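# Summary of structural features
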Amino acid sequence: MATFVDRVVLHLQAGDGGHGCVSIHREKFKPFGGPDGGNGGHGGSVTLVVDPQVHTLLDFHFRPHIKAESGKGGQGSNKDGANGGDLVLKVPDGTVVQTVDGEVIADLVGAGTTLEIARGGRGGRGNASLANTKRKAPGFAELGEPGERREVVLELKSVADVGLVGFPSAGKSSLIAVLSAAKPKIADYPFTTLVPNLGVVRVDDHTFTIADVPGLIPGAAQGKGLGLEFLRHIERCAVLVHVVDTATMEPGRDPLADIDAIEAELEEYGGLADRPRMVVLNKIDVPDGRDLADIVRPDIEARGLPVFEVSSATREGLRELTYALAARVEESRLLAPPPEATRIVIRPTAVDDAGFTVTEEDGVYVVRGPRPERWVRQTNFDNDEAVGFLADRLDRLGVEDALAKSGAEPGDPVRIGDREFDWHPTAGEYVSGPRGTDIRLEEKSNRASAAERLAARKARRPRLLGLVDPDTPDDDAN
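Now for the overall build of the chain. In terms of helices and strands, the chain carries twelve helices and 18 strands. A burial count over the chain gives 43% of its 478 residues as buried. A fraction of 70% describes how many contacts in the chain between residues 6 or more apart in sequence connect residues 24 or more apart. In the structure as shown, the chain presents an accessible area of about 26,300 Å², 51% of it carried by carbon and sulfur atoms.

An order of E4-E2-E7 is seen for the three strands of this open sheet, with the pairing classed as mixed. The open sheet has two free edges, formed respectively by strand E4 (87-91) and strand E7 (114-118), since each of these has just one partner strand. For this sheet, the mean angle separating the axes of adjacent strands, direction not counted, is 30 degrees. By the bridge criterion, five bridges tie strand E2 (residues 46-50) to E4 in an arrangement that is parallel. Bridged to Val-49 within E4 is Lys-90.

Our next topic: the packing of helix H8 (residues 370-377) against helix H9 (residues 384-397). Two numbers describe how H8 lies on H9: the axes approach to 11 Å, and their chain directions differ by 175 degrees. By the angle class used here, H8 and H9 are roughly antiparallel. Facing Arg-371, Pro-372, Trp-375 and Val-376 of H8, the residues of H9 in contact are Leu-390, Arg-393, Leu-394 and Leu-397. Its residues placed into classes, the contact of H8 with H9 shows six nonpolar, no polar and two charged.

All right, on to the pattern of salt bridges then. Side chains that carry opposite charge are capable of pairing whenever their charged atoms lie near each other. According to the stated counting rule, one finds 22 salt bridges in the structure shown. Here Arg-135 makes a salt bridge to Asp-392, at a shortest N to O gap of 3.3 Å. Of this pair, Arg-135 sits in the loop between helix H2 (127-130) and strand E8 (149-156) while Asp-392 sits in helix H9, and the two are 257 residues apart along the sequence. Given a relative accessible area of 6%, Arg-135 falls into the buried group.

What follows concerns the nonpolar core. Formed by 23 residues in total, the largest nonpolar core has its most connected members in Phe-60, Ile-117 and Leu-154. Apart from the residues within four sequence positions on either side, Leu-154 is in contact with Asp-6, Arg-7, Val-8, Leu-10, Leu-48, Leu-57, Phe-60, Val-91, Thr-95, Val-96 and Val-97.

Turning our eyes to something else, we now look at empty space enclosed by the protein. If a probe as big as a water molecule is rolled over the atoms, it shows which places are left empty. If you walk through the whole model with that rule in mind, you get two cavities of 30 Å³ or more. There is about 60 Å³ of room inside the largest cavity. Phe-140, Ala-141, Glu-142, Trp-375, Gln-378, Thr-379, Asn-380, Ala-386, Phe-389, Leu-390 and Arg-393 together form the lining of the largest cavity. Looking at which element gives the most residues to the lining of the largest cavity, the answer is H9, with four residues. The class makeup of the residues in the lining of the largest cavity is six nonpolar, three polar and two charged. Taken as a whole, the second largest cavity holds about 40 Å³ of empty space.

Quick look at the confidence of the model for the chain now. For the chain, the mean per-residue pLDDT works out to 83, and 85% of the residues sit at or above 70. Across residues 187-193, confidence stays below pLDDT 50; counting only partners more than four residues off in sequence or on other chains, it has 16 contacts.

As for its placement among the helices and strands, Lys-157 is situated in the loop between E8 and strand E9 (162-165). By relative accessible area, Lys-157 is classed as buried at 15%. Separated by 2.8 Å, the side chains of Lys-157 and Glu-235 make a polar contact. In this structure, Lys-157 is in contact with Asp-93, Gly-94, Val-96, Arg-232, His-233, Glu-235 and Arg-236, ignoring residues within four places of it in sequence.

Applying the stated criterion across every chain, the model contains one aromatic pair. Seen from their ring centres, Phe-140 and Phe-389 are 5.2 Å apart, and the 45 degrees between their planes marks the pair as tilted. Here the residue Phe-140 occupies a position in the loop between H2 and E8, and Phe-389 occupies one in helix H9, the gap between them amounting to 249 residues. Note on Phe-389: relative accessible area 10%, which makes it buried. Residue placement shows Arg-135 over the ring face of Tyr-430; its charged tip is 4.0 Å from the ring centre.

The rules behind these values
- Residues numbered from 1 in each chain as written.
- Predicted model: local features only at pLDDT ≥ 70, side-chain atom pairs only at ≥ 80, totals over all residues.
- Heavy atoms only, no water.
- Helix = DSSP H or I, 4+ residues; strand = E, 2+ residues; numbered from the N terminus.
- Buried < 20%, exposed > 50% of the residue type's maximum accessible area, 1.4 Å probe, protein only.
- Contact = heavy atoms within 4.5 Å.
- Areas by Shrake-Rupley, 256 points an atom, 1.4 Å probe, with all protein chains shown as cover.
- Pairing = 2+ DSSP bridges.
- Axes fitted to C-alpha atoms, helices over the stretch in contact; angles between N-to-C directions.
- Parallel < 35°, antiparallel > 145°, perpendicular 65-115°, else oblique.
- Nonpolar A, V, L, I, M, F, W, Y, C, P; charged D, E, K, R; others polar.
- Salt bridge = Lys/Arg side-chain N within 4 Å of Asp/Glu carboxyl O.
- Core = buried A, V, L, I, M, F, W, Y, C linked by side-chain atoms within 4.5 Å.
- 1 Å grid on protein atoms, 1.4 Å probe; cavity = no way out; pocket = protein on both sides within 12 Å on 5 of 7 lines; lining within 4 Å.
- Points joined across faces, edges and corners; volume = space filled by probe spheres on them.
- pLDDT = per-residue confidence, 0-100.
- Polar contact = N/O pair within 3.5 Å; in protein donor to acceptor, adjacent residues only side chain to side chain.
- Phe/Tyr/Trp six-rings, centres within 6.5 Å; stacked < 30°, edge-to-face > 60°.
- Lys NZ or Arg CZ within 6 Å of the ring centre and 35° of its normal.

Next comes the structure, spelled out in structure tokens:
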């Protein structure tokens, strides 16, 4: 059973932030000790890092749901909660991170390359951190921010200098076994190789990697055989080598036809036309194979392709092939553009950027922005003082002015993040009251609505015009 996995879907969840604590210091002979609620810890993040010792995505295949540690809640006596530990996932070199829709997020190439794929939530502040000159003893604390949830696709594309392509049982695995220390499975039946094999070859002072693509047959680009699943593994190869079986007994098979069939599949797959090609006529230790290699060699060379006659069994011709591959790989490395140092891009915030936007969608005014949405997520809406604190923050940010300029009227629905509520402009400044309450909200809740006031005026109008007996009781009069 093959244990090679090169594509997985991961369900990632970063750790949630811990809630802040609401606490008042209590000590003998100190009746007004002040707030001492600690902050919640930050949630752990999920990070991908390239590890040269990892060669497959098999671990994620059996464990696709991954969650980082959440932060701990704050406590009294100014005790902050512990941060959740970050979760580091080791991936092979050449891993491509995509969304489920196929959008590429990052291409992780090179040992140590790191990507933070899911960020942990911020911990909520305790009432000790929220205290100021107006709110000397806040009766609320911020909630921990939920960690980021993401669903991503990891796809492995082998990082190799030389890619071997050819029909099943052409001898690709045998060639890698004799050129390197790799030990692939070798047998005399088609589709023996079910996974790409990767080997390291050393020639004098040169070192390069070599890989094969299993199961290439006509129609592989449409899904036949195993080619469509593994063709991605030669996208990064600098040199492509056709391994041709000169001793095959299958009818209708000959080296030129095999090369044309494989080239047709590579062309249909796309993106490989600029890679230099070489041809290896394998199994010349068989008498008929040597004779066929001598016959077809002039025709292949006429196409401008270098040809090498080798035998993996007797190792004949391997020395010349190895040096030729090393030279071609070195040439491709010299022609490659030099790697650029990581550029640090600084994008300052525009002067007129308020940090949020207000749009009207189907009669609802939607406020979008990182800060307003985070503030809403961290607000405990069961606490009136916390709601009033949120209203003050949004007012200072300019959200209320932006809503008014967009045409919003008091009572219109407003949505921020996943919360939708009726908008009422902040009435005056905060006045200290019992912990957990906000007098402004109480006044607003006791005040009659516009519809109620209109009904009361209509009920009073007949009485003022003398149409109703003054002694008649009126339950609707205010």
